[in-house]
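Chain residues, written in single-letter form:
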Amino acid sequence: MGIHKYFQSLSDLEGIYRCPGVFKYQEHSVASHSFKVATIVQFLATVEDQHGQKVDWKTVYEKAINHDYSELFTGDIKTPVKYALPKLRELFSQVEGSMTQEYLDKEFPQEFRQVYEARFKEGKDRSLEGKILAVADKIDLLYEAYGEIQKGNPEPLFFQIYKEALTSIVQFNDLASVRYFIQVILKEMIEEEITSHSRIKSITEQLLSEKNTSSSGDNQA
């Protein structure tokens, strides 16, 4: 019992791969995903900070670093399965929470348990830091799908993942960091002169057009 087991478990996250059961040219582990999300979170939070938002940097980093630790117990569930039904997603969340709590009670010394209970909880809440985490998580998912499409992976699932990730991102358009991502970073992505991106450009422009039309209708209402 002790923090030794916790430190040791971090290496196990390197052996848990995302989007299991689907052919991929490049594997992405939960450990590498957590690092990428933390890096993206840092940038998004910087944009928010420069636009006058008060960012709790300690909280935003803790949310990013720990957001997928519970997958140590459950592995990564296929995205279409996890999101097939809201109830199913809720059940997965409950299982992860229960197993994480059991792990904390068994392995963590009492004096650190309460702190890590808070750190290992679902971080995607309604706070600014929670929204930043939710967006960063989807941005990395979008780039994972984009990378497979770019390499010529014929699996249709990656177009679906790209579309679902972008749809989720644009829902946070009230954030300055999301507007920057859409107007600058995403534009750079789809304007790259690579033939295989033509469908990505079409999907992206269609989703953004639908979002703009919806926003215009809301304003008129």
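Above this text is the structure in question.
Conventions used here
- Residues numbered from 1 in each chain as written.
- Predicted model: local features only at pLDDT ≥ 70, side-chain atom pairs only at ≥ 80, totals over all residues.
- Heavy atoms only, no water.
- Salt bridge = Lys/Arg side-chain N within 4 Å of Asp/Glu carboxyl O.
- Helix = DSSP H or I, 4+ residues; strand = E, 2+ residues; numbered from the N terminus.
- Buried < 20%, exposed > 50% of the residue type's maximum accessible area, 1.4 Å probe, protein only.
- Expected span 1.5 Å × (residues − 1).
- Contact = heavy atoms within 4.5 Å.
- Polar contact = N/O pair within 3.5 Å; in protein donor to acceptor, adjacent residues only side chain to side chain.
- Lys, Arg positive; Asp, Glu negative; His and termini not counted.
- Patch = residues over 30% accessible without salt bridge, like charges linked within 9 Å, V, L, I, M, F, W, Y side chains within 5 Å.
- Areas by Shrake-Rupley, 256 points an atom, 1.4 Å probe, with all protein chains shown as cover.
- Charge placed at Lys NZ, Arg CZ, Asp CG, Glu CD.
- Core = buried A, V, L, I, M, F, W, Y, C linked by side-chain atoms within 4.5 Å.

According to the stated counting rule, one finds 9 salt bridges in the structure shown. For Asp140, the salt bridge identified is with Lys36, shortest N-O distance 3.3 Å. On the criterion of sequence distance, the pair formed by Asp140 in helix H8 (residues 128-150) and Lys36 in helix H2 (residues 30-50) is long-range, its members being 104 residues apart. Here Asp140 falls in the buried class, since its relative accessible area comes to 4%. Residue class for Lys36 comes out partly exposed when judged on its relative accessible area of 23%. Residues participating in the shared-partner salt-bridge network are Arg18, Lys36, Asp140 and Glu144.

Taking 1.5 Å of rise per residue, the 23 residues of H8 would be expected to cover 33 Å, and the 32 Å separating its terminal C-alpha atoms lies within 8% of that figure. In terms of burial, H8 is a largely internal element, 20 of the 23 residues being buried. Just downstream of H8 lies Gly152, where phi reads positive at about 90°.

Here we take up helix H3 (residues 57-66). Every buried residue of H3 is accounted for by Val60, Lys63, Ala64 and Asn66. Lining the buried residues of H3 we find helix H1 (3-12), H2, helix H7 (110-119) and H8. Where H3 begins, one side-chain oxygen reaches toward the backbone nitrogen of Lys58, 3.3 Å away; that side chain belongs to Asp56.

Bringing the side chain of Arg113 into the picture now. Relative to the assigned elements, Arg113 resides in helix H7. No salt bridge is formed by the buried Arg113. Its closest oppositely charged neighbour is Asp105, at 4.3 Å. Here Phe108 takes part through its backbone oxygen, which lies 2.7 Å from a polar atom of the side chain of Arg113. In contact with Arg113, other than residues within four places in its own chain, are Leu104, Asp105 and Phe108.

Relative to the elements of secondary structure, Thr74 occurs in helix H4 (residues 71-74). With 22 residues separating them in the primary sequence, Thr74 and Glu96 have C-alpha atoms 6.7 Å apart. Sequence-distant contacts of Thr74, defined by excluding residues within four places in its chain, comprise Val95, Glu96 and Met99.

The topology assignment puts Glu148 in helix H8. Comment: no salt bridge for buried Glu148; closest opposite-charge side chain is Lys151, at 5.1 Å. Look past the residues within four positions of Glu148 in its chain and what remains in contact with it is Phe23, Lys24, Tyr25, Gln26, Asn153 and Phe158.

For Ile161, the position within the fold is in helix H9 (residues 157-170). Relative accessible area serves as the criterion here: at 3%, Ile161 is assigned to the buried category. The sequence separation of Ile161 and Leu141 amounts to 20 residues, and the corresponding C-alpha distance is 7.6 Å. Setting aside anything within four residues of it in sequence, one finds Ile161 in contact with Cys19, Leu141 and Ala145.

What follows is about a negative patch on the surface. On the surface, Glu188, Glu191, Glu192 and Glu205 cluster together into a patch of negative charge. A residue is classified by how much of its surface remains accessible, and Glu191, at 48% relative accessible area, is partly exposed.

Let's shift gears to the nonpolar core. With 42 residues, the main nonpolar core has Val41 and Tyr162 as its most contacted residues. Elements with a contribution of two residues or more to this core: H2, H3, H8, H9, helix H10 (176-190) and helix H11 (198-220). For this core, the leading source of residues is H8, giving 11 residues. Those residues in contact with Tyr162, other than ones at most four positions away along the chain, are Leu142, Ala145, Tyr146, Ile149, Leu186, Met189, Ile190, Ile200, Ile203 and Thr204. With 11 residues, the next largest nonpolar core counts Tyr6, Leu13, Ile16 and Leu72 among its residues.

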